[in-house]
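# Remarks on the overall topology
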Amino acid sequence: MELLIALIPALPLAGFIFAVLVGPRLDHVPLHGQHGGDHSEPEDGYASDGAHAASAANHSSAEIDDSGLLPIPSEEDQGHTSPHRGHADELSNAAGAEGVIPVDLRDGLGEAGHVTPGGPRPLYRSWMVPTGLVGLAWLISMAVFVSVIFGGQTYHVRLYEWIASGTFRIEIAFFVDALTAMLLLVVTTVGLLVHVYSIGYMDGDRGFWRFFAYLNLFMFSMLLLIMGDNFLMLYVGWEAVGLCSYALIGFWYKKPSAAGAAKKAFVLNRVGDFGFGLGVMMIWTLLGTLSFDQVFAGIGALPGWQVTTIALLLFAGAVGKSAQFPLHVWLPDAMEGPTPVSALIHAATMVNAGVYLVARANPIFAHAPAAMWVVALIGTFTAIFAAAIALTQNDIKKVLAYSTVSQLAYMFMGLGIGAWAAAIFHLVSHGFFKGLLFMGSGSVIHGAGGEQDMRFMGNLRRKMPWTYRTMLIGSLALAGVPIFAGFFSKDEILGEAFNRGYLIFFIVGLIVAFMTAFYTFRMMFMTFWGSYRGPKPQWKHIHESAGTMVAPLLVLAVPTVLIGLLFGIPPEGGAIHTWLNPVFEAAEKLRAGILPGSAAAQEGHGFALFGTGGVLLLLGALAGVLGIALAYRWYVTRPLSPRRFVERFPLGLGPGMYRASLNKYYVDDIYQLVFARGGVLVGSALWWFDAKVIDGAVNGAGWVSQRLGGLLRRSQTGRVENYGLEMAAGLIVVLIVLIAVVR
Amino acid sequence: MTELRDVYSILPELLLGALILVVITTDLFLPRRSKWLLTPLTVFGLLLAGAACIAVWGTNRSAFAGFYRVDDLSIFLKGATMLIGILSALFAPAYLRQRRLPLGEFNAILLFSLLGICVLASGGDLITLFLGLELMVMPSYLLAGFHKTDRYSNEGGLKYFLLGSFASAILLFGISWTYGLTGTTQIAQIGARLAGHGISPALVVAIGFLTVGATFKIAAVPFHYWTPDAYQGAPTPIAGFLSVGPKLGAFALLIRVFAGALGPIHADWVTVMVILSVLTMVGGNVVALTQSNVKRMLAYSSIAHTGYIMAALAAYGNAPAARAQQQAIEAMLFYVLAYAMMNIAAFAVVGMLQREPGRFGGLASFAGLASRSPGRAAAMAVLLLSLTGIPPTVGFFAKWYVLLATVDAGLSWLAVVIVLNAALAAFYYLRVIVYMYMREPDGNPAPIDHSLFGAVGLGLSVLAVVLLGVFPGVILDVVRISAASLF
């Protein structure tokens, strides 16, 4: 078993190496004959697919308000030439027409490739080995999961001592307990399904092999992150997933908006990682070790302020990686990447790393009540903040992106109030249903010819029944409708907030639940119900996606329905608590000691369907159902009512509030203003942002050094006599220094 | 007083000398189309010499009346020399053949230079050191100008020769002052006499000239001016050799002179060494940053690496205790070996893209290499990551131990400078990776050389870079024993 555990991360690594070395030889992509040379995907796609080009062109001219769905329709109001794009892209819009063209357009290239006159059919085989190896890793993970969860085992696999210099010793060792097993379940399952899904989704892309190479590298890094037994391995995995995320967001690197989004994600993650790195260094300096068990054993002996500082620094990393306020802005922009990437990295796995970090470091946080408060406050604020943005977004992927931010914040809220197991429960269920929703949205975009704006969708359930059905299940789970996974996990966090006496968090959580249900079903109704609002010729091109894309949706629908019932019954005392309690036992006891009030509540409280527990459950369910009902009323039965609501809002605040939400409360703009517009051209703003903030000091020095380099280079005249002279001058300086220092 | 044991202890050098004769004679009799046999012959001979290194491992004695010092340190350096020789012999043939340059002469000159490094590594006397140094650099001048019909190669070779002679004269001058002060050229005795000797202006002159002469050979800023021109002009695989081989020898010289002869008065030279080290790493990096030609970028970045190794030497000079001193020497040895493997191979990849003689190794020729030659692109990516110092490659540990040594020697601020420089270097190294993996090949992509020898050499070095990064313990033990033999 130990060897098998070591194999789990090794298999994707092997897949990565294989894909890099052999992949390019396995794919055969015909070049377009008439052009002769190398062309980027976008160019090919635009040139050869008339339907897409037409639909793209229609965007700019179409009257956006044709359905009456949108209270404030004119484009000027939104301040965007293209409604579904972030600010990063706006910079690039000036560069050319690409800016107007829907993001996932090159999906259509598969078909475009087929119709190339005279060209052979493209051939893609590079997915086989990487996907197969991930499949194998999944099988082993499931065996490990069963053995850990049901067998009550924990595994500690020590491979060898990696660094052994003086007192600094780091082992390569894997640690699998119930917490890691839970993440293994999510990461490998969603990972495998995304691999399968990508076979269909990436069909026709010139970078096919590259995509699978990155995916495998990501899987390896993520598994390293969750399986490492010390902070250094966690950190290495942490940086590596960030790197993969950067490469995958910018996968279509020729598209300036994608490159910009990738850079933005990289920079904002660096800000958080800097804190995380400092935290790890601080642990090393104070405790002289980085392995989890030794750190957690020794943390109690440190003075309180040191522990709090460490906890806050670690949390800074989590804020960056899990896209919490104020570093959340990269995640919505990250949707520029291919949709499978959004599903895997930016919904189900990597963004959970922050939650995992806090949960793993629970003994540290338990010793730092102030840090716990910060976690809970940031979580609660981000939850309602992001949900409020999701209410008005029109890009289907942006809705899901903000929803992800909001749901992750929910988990942090849970962690902050000490509801560890509930937060991890929500992580697992969210990983499944959000992965499902993202892949579903990808299927929609794929089938609708690259369209991402929900204002140009509608009635798609007639064309894509399976995508609709599976996404409906995912939406019910996200909205927190009873039976589905999200209901149980969300209610646990709410319930614990109530039981532990955090009434404010409970109320905010309830409001967020209502908002979540509303925007989720707003998305569903706008996409799948009503009448089709896109360009008419496009309607007949809309089709259900290929089998490899729909099958993962069906598979994911199963845990979305079942996992709540399996893990969460009875509520607040379900199986998941039995499994996870050993991990959090020490932290729980400690907290009980620190906060005497909550100790009593904890001991005394047990779930009773006809008591407080039942009422809470009912409230949670009610919030969800009400949200859905409102969405139904506004977007199906009375399509004009949202506009009226905005117009009639007391004090005339409606339009302003709507605009604020649509523009994401101007956080991006503020950042733009603060970091970028310092007298620099807007076009180079991101570049400068990059240059200034990545390792701040380093690249600050970079600018100076460019100048210095130019100067030094000029001294490289090429004339030997000059060189000789310069050397002689150097000799004299050395002598002077020597005379000065030698006593 | 020459004993048979003295002769036995220089077995590697003897084998190397014999190999030179064999190569020259064989070259005379081989028909033109069988010249390629010289490569396996050379590699085999170097393997034998490497085996001889293992055989004499643990000797630790002075030979030939103290002129020659055969300790584990010298044997480690000789082993590294053989490795560099093998890689050079593997990388060069294809490049030379494409330009109709004679393989036999190359192999012979290369071996002469290697022999010089070996003598240098074992120098127990300033005279031996100087002899070894000249034996090492004379063939290097020839190698730099090896492409006789190429203007740049001629120019680079000539510059290298002129400035190198200048530096040799300075070094010799320093040696003569040292002799005048101490009355001996034996390294072991110099240390002892200087320790009792007070500081005099004459000593300052001696240290100054020795420092400048020696740091010229490792291309420290501001004595680096010959490097870019020499490397740029030299045939690319030869530039790879020049950037590691003579440098290895020069670091052997530095260890022998500064840690050996001038060890007892380390407090006097450490400041100069720290300043030169900072100048070197910053200077090398900032100029490398502005290069768009990969070959030239590697030339400048090799200067930066020199700076990191000098930082370890500075750590030796500043170390409060013998343990920290030894750690600094360990860091130097580890870094030199790691650097040798990754840099020579990186140059070789550039050379592989110059199959067509008109190519100069610009960034553009790396565009889209990932799809044109996945193996070479992946190898180059690993090498560049290692040069940047990203785990789990050997380059990471090399930097790591230098950092550890500087911190333990009380030079924490120097460690910070190294880290900042490494971050700066990431910019220009990773740029090449971006070109390989995120750019489409340009309209007229450079033809790629697929010769067997080159591929084998590349595979070996990449394997070593990765394996030593994942299992650094193997080489660390060897390094530890080697460094211990100095104390």
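All values derive from a computational prediction rather than experimental measurement. Within each chain, residues carry numbers counting from 1 in the order of the written sequence. Key to labels: chains lettered from A, ligands numbered from 1, both in the order written. At least 70 in pLDDT is required for a residue's local features to be given in this predicted model, at least 80 for side-chain atom pairs to be given and counted, and no such filter applies to totals for whole chains, interfaces and linings, which use all residues. Values shown for side chains rest on all heavy atoms present in the structure; no hydrogens or waters enter the calculation.

Our focus in this paragraph is the overall build of chain A. Runs of H or I in DSSP of at least four residues are treated as helices and runs of E of at least two as strands, each being numbered from the N terminus. Helix and strand counts for chain A stand at 34 helices and two strands. Classification of the 743 residues of chain A by burial places 62% in the buried group. Within chain A, counting contacts between residues at least 6 apart in sequence, those at least 24 apart form 81% of the total. For chain A, the accessible surface area stands at approximately 26000 Å², while carbon and sulfur atoms represent 68% of it. For every residue, the accessible area (1.4 Å probe, protein chains only) is compared with the maximum for its type, and the residue is labelled buried under 20%, exposed over 50%, or partly exposed between those bounds. Note on definitions: a residue-residue contact is assigned when non-hydrogen atoms from the two residues lie within 4.5 Å. Values of accessible area rely on a 1.4 Å probe in the Shrake-Rupley scheme; residue burial ignores everything except the protein chains shown.

For chain B, the helix and strand inventory stands at 20 helices and two strands. Over its C-alpha trace chain B gives a radius of gyration of 21 Å, about what one expects of a compact globule, namely 23 Å for 487 residues. For chain B, the spread of C-alpha atoms along the three principal axes comes to 70 × 55 × 40 Å. Buried positions account for 67% of the 487 residues belonging to chain B. When contacts within chain B are restricted to residue pairs at least 6 apart in sequence, those whose partners lie at least 24 apart make up 81%. Entry remark: accessible area of chain B is about 15400 Å², with carbon and sulfur atoms responsible for 71%. Restricting the calculation to C-alpha atoms gives the radius of gyration, and the globule rule supplies 2.2 Å times the number of residues raised to the power 0.38.

What follows covers helix H17 (residues 394-408) of chain B. Residues and elements named next belong to chain B. Multiplying 1.5 Å by the residue count of a helix minus one yields the expected span of that helix. The first and last C-alpha atoms of H17 sit 21 Å apart over 15 residues, in line with the 21 Å expected at 1.5 Å per residue. Taken across its 15 residues, H17 has 13 buried, putting it largely inside the fold. Phi for Gly410, located one or two positions after H17, is positive at around 80°.

If you check helix H2 (residues 11-29) of chain B, its first and last C-alpha atoms are 27 Å apart, about what 19 residues at 1.5 Å a residue would give, namely 27 Å. Packing partners of the buried residues in H2(B) comprise helix H1 (4-9), helix H3 (38-56), strand S2 (68-70), helix H4 (72-98) and helix H5 (103-121) of chain B.

Residue and element names in this part refer to chain B. A cavity here means a set of 1 Å grid points, computed over protein atoms only, where a 1.4 Å probe fits but cannot escape. A pocket is an open set with protein on both sides within 12 Å along at least 5 of 7 lines, and lining residues have an atom within 4 Å of a point. Grid points are joined across faces, edges and corners, and a volume is the space filled by probe spheres set on the points. If you add up the space inside the second largest pocket, you get close to 710 Å³. Gly79, Ala80, Leu83, Leu337 and Ile475 are, among the 24 residues lining the second largest pocket, the residues nearest its centre. Looking at the lining of the second largest pocket, the elements that each hand over two or more residues are H3, H4, helix H14 (322-352), helix H19 (452-470) and helix H20 (473-484). Ranked by the residues each element gives to the lining of the second largest pocket, the list is headed by H4, at eight residues. Residue composition of the lining of the second largest pocket, by class: 21 nonpolar, three polar and no charged. As a working rule, the residues Ala, Val, Leu, Ile, Met, Phe, Trp, Tyr, Cys and Pro are called nonpolar, Asp, Glu, Lys and Arg charged, and the rest polar, with Gly in that last group.

All names here are of chain B. Per-residue confidence from the prediction method is given by pLDDT, with values spanning 0 to 100. Averaged over every residue, the pLDDT of chain B is 89; the share at 70 or more is 99%. Within chain B, helix H8 (residues 187-196) has the poorest average pLDDT of any element, 82, and H5 the best, 95. Two summary scores accompany this predicted model of the complex, namely pTM at 0.77 and ipTM at 0.84.

Structurally, Gln186(B) can be placed in the loop between helix H7 (151-182) and H8. Residues in contact with Gln186(B), not counting those within four places in the same chain, are Ala65(B), Gly66(B), Phe67(B), Gly124(B) and Asp125(B).

Turning our eyes to something else, we now look at the packing of helix H8 (residues 178-201) of chain A against helix H15 (residues 339-348) of chain A. All names here are of chain A. In this analysis, axes come from line fits to C-alpha atoms, helices being fitted only over the stretch in contact, and the angle between any two N-to-C directions falls in the range 0 to 180 degrees. It is at 9 Å that the axes of H8 and H15 come closest, and there the two elements cross at 170°. As judged from the angle between their axes, H8 and H15 are roughly antiparallel. Along its contact with H8, which presents Val186, Val190, Gly191, Val194, Tyr197, Ser198 and Tyr201, the element H15 presents Thr339, Pro340, Ala343, Leu344 and Ala348. When an angle is under 35 degrees it counts as roughly parallel; over 145 it counts as roughly antiparallel; between 65 and 115 it counts as roughly perpendicular; any other value is oblique.

On to the packing of aromatic side chains, then. Only the six-membered ring of Trp is used, alongside the rings of Phe and Tyr, when aromatic pairs are assigned; centres must lie within 6.5 Å, and planes under 30 degrees apart are stacked while those over 60 apart are edge-to-face, with the rest tilted. Following the criterion strictly, the structure yields 50 aromatic pairs over all chains and no others. Arranged with centres 5.6 Å apart and planes meeting at 75°, the rings of Trp373(A) and Tyr502(A) form a pair that is edge-to-face. A residue pair is termed long-range when its members are at least 10 positions apart, and Trp373(A) in helix H18 (residues 369-390) and Tyr502(A) in the loop between helix H22 (485-499) and helix H23 (503-528) qualify at 129 residues. A network of ring pairs unites the aromatic residues Tyr141(B), Tyr160(B), Phe161(B), Phe216(B), Trp226(B), Tyr231(B) and Phe347(B) as a single cluster. A cation over a ring is seen here: Arg461(A) above Trp529(A), with NZ or CZ 4.3 Å from the ring centre. Counting as a charge over the ring demands two things of the Lys NZ or Arg CZ atom: a distance within 6 Å of the ring centre and an angle within 35 degrees of the ring normal.

Attention shifts here to the packing of helix H1 (residues 2-26) of chain A against helix H9 (residues 208-227) of chain A. Residue and element names in this part refer to chain A. Remark: H1 packs on H9, axes separated minimally by 8 Å, with the N-to-C direction vectors making an angle of 160°. Between H1 and H9, the angle is such that the two are roughly antiparallel. Helix-helix and strand crossings are classified by hand; for H1 and H9 the assignment is left-handed. Contacts from Ile5, Ile8, Pro9, Pro12, Leu13, Gly15, Phe16, Ala19, Val20, Gly23 and Pro24 in H1 reach Trp209, Ala213, Asn216, Leu217, Met219, Phe220, Leu223 and Met227 in H9. Left-handed describes a crossing in which the near helix is turned anticlockwise from the far one by less than a right angle; the clockwise case is right-handed.

In terms of nonpolar packing, the biggest core is built from 421 residues, with Phe231(A), Ile364(A), Met436(B) and Tyr437(B) touching the most fellow members. For this core, the element with the most residues is H14(B), which contributes 23 residues. Among residues more than four places away in sequence, those in contact with Met436(B) are Phe366(B), Gly368(B), Leu369(B), Ala370(B), Ala377(B), Met380(B), Ala381(B) and Leu384(B). Among buried residues, those of type Ala, Val, Leu, Ile, Met, Phe, Trp, Tyr and Cys that are joined through side-chain atoms within 4.5 Å constitute a nonpolar core.

All names here are of chain A. Together, Ile483, Val558, Leu562, Leu565, Leu566 and Ile569 make up an exposed nonpolar region whose accessible area comes to about 520 Å². Structurally, Val558 is set in helix H25 (residues 547-568). For Val558, a relative accessible area of 46% corresponds to the partly exposed category. Grouping into patches uses exposed residues only, defined as over 30% relative accessible area, and leaves out salt-bridged ones; the cut-off is 9 Å for like charges and 5 Å for nonpolar side chains (Val, Leu, Ile, Met, Phe, Trp, Tyr). The term salt bridge refers to a pairing of a side-chain nitrogen on Lys or Arg with a carboxyl oxygen on Asp or Glu at a separation within 4 Å.

Within the secondary structure layout, Met438(B) lies in helix H18 (residues 412-438). Taking relative accessible area as the criterion, Met438(B) reaches 13% and is therefore assigned buried. Distance from Met438(B) to Ala370(B), taken between C-alpha atoms, is 8.5 Å for residues 68 residues apart in sequence. In this structure, Met438(B) is in contact with Tyr214(A), Ala247(A), Tyr253(A) and Ile433(B), ignoring residues within four places of it in sequence.

Inspection of the secondary structure puts Phe487(A) in helix H22. Contact partners of Phe487(A), with chain neighbours within four places excluded, come to Ala477(A), Gly480(A), Val481(A), Pro482(A), Leu617(A) and Ala621(A).

What follows deals with the pattern of salt bridges. Tallied over the full model, the rule gives 14 salt bridges over all chains. A salt bridge links Glu496(A) to Arg500(A); its shortest N-O distance comes to 3.0 Å. Residues Glu496(A) and Arg500(A) agree in their burial class; the two are buried. Of the charged contacts, one joins Lys159(B) and Glu155(B) as a salt bridge, the two residues approaching to 2.7 Å between their closest N and O atoms. Placement of both Lys159(B) and Glu155(B) in helix H7 is noted, with a separation of four residues, approximately one turn of the helix. Given the relative accessible area of 33%, Glu155(B) is considered partly exposed. Residues joined in a network through salt bridges with shared partners are Glu155(B), Lys159(B), Asp229(B) and Arg296(B).

This part covers the interface of chain B and chain A. Across the contact, 62 residues belong to chain B and 47 residues belong to chain A. A 1.4 Å probe defines the accessible area here, and the buried area is the portion of it lost by two parts on being joined, summed over both. The contact between chain B and chain A buries some 4700 Å² in all, and 73% of this surface belongs to carbon and sulfur atoms. Among the residues of chain B in contact with chain A, Tyr225(B), Met438(B) and Glu440(B) are the three that bury the most area, contributing 15% of the side total. Between chain B and chain A we count zero salt bridges in total. Among the elements that make up the side of chain B that touches chain A, the one with the highest residue count is helix H12 (residues 266-289) of chain B (nine residues). For the side of chain B that touches chain A, the residue count by class is 43 nonpolar, nine polar and 10 charged.

Its location among the elements puts Gln407(A) in helix H19 (residues 396-416). In this structure, Gln407(A) is in contact with His426(A), His430(A), Lys434(A), Leu478(A), Lys490(A), Thr516(A) and Tyr519(A), ignoring residues within four places of it in sequence.

This paragraph deals with the environment of Pro392(B). Along the chain, the position of Pro392(B) falls in the loop between helix H16 (374-388) and H17. Along the sequence, Pro392(B) and Phe471(B) sit 79 residues apart, while their C-alpha atoms lie 9.2 Å from each other. Apart from the residues lying within four places of it in its own chain, the contact partners of Pro392(B) are Trp162(A), Val466(B), Gly469(B) and Val470(B).

Residue and element names in this part refer to chain A. Averaged over all residues, the pLDDT of chain A is 75; the fraction at 70 or higher stands at 73%. Confidence, expressed as mean pLDDT per element, reaches its minimum in chain A at helix H2 (residues 41-48) with 34 and its maximum at helix H16 (residues 353-360) with 92. The low-confidence segment residues 595-605, where pLDDT is below 50, has eight contacts with residues more than four positions distant or belonging to other chains. Across residues 676-695 the pLDDT falls below 50, and counting only partners more than four positions away or on other chains, this stretch makes 28 contacts in the model.

Across the junction of Phe325(A) and Pro326(A), the peptide omega takes the value 5°, indicating a cis bond. Of note, Pro326(A) is situated in the loop between helix H13 (304-321) and helix H14 (330-333). Phi at Ile483(A) is positive, roughly 85°, even though this residue is not glycine. Examined against the element boundaries, Ile483(A) turns out to sit in the loop between helix H21 (465-479) and H22. With a phi angle near 50°, Asn60(B) is a residue other than glycine that sits in the positive phi range.

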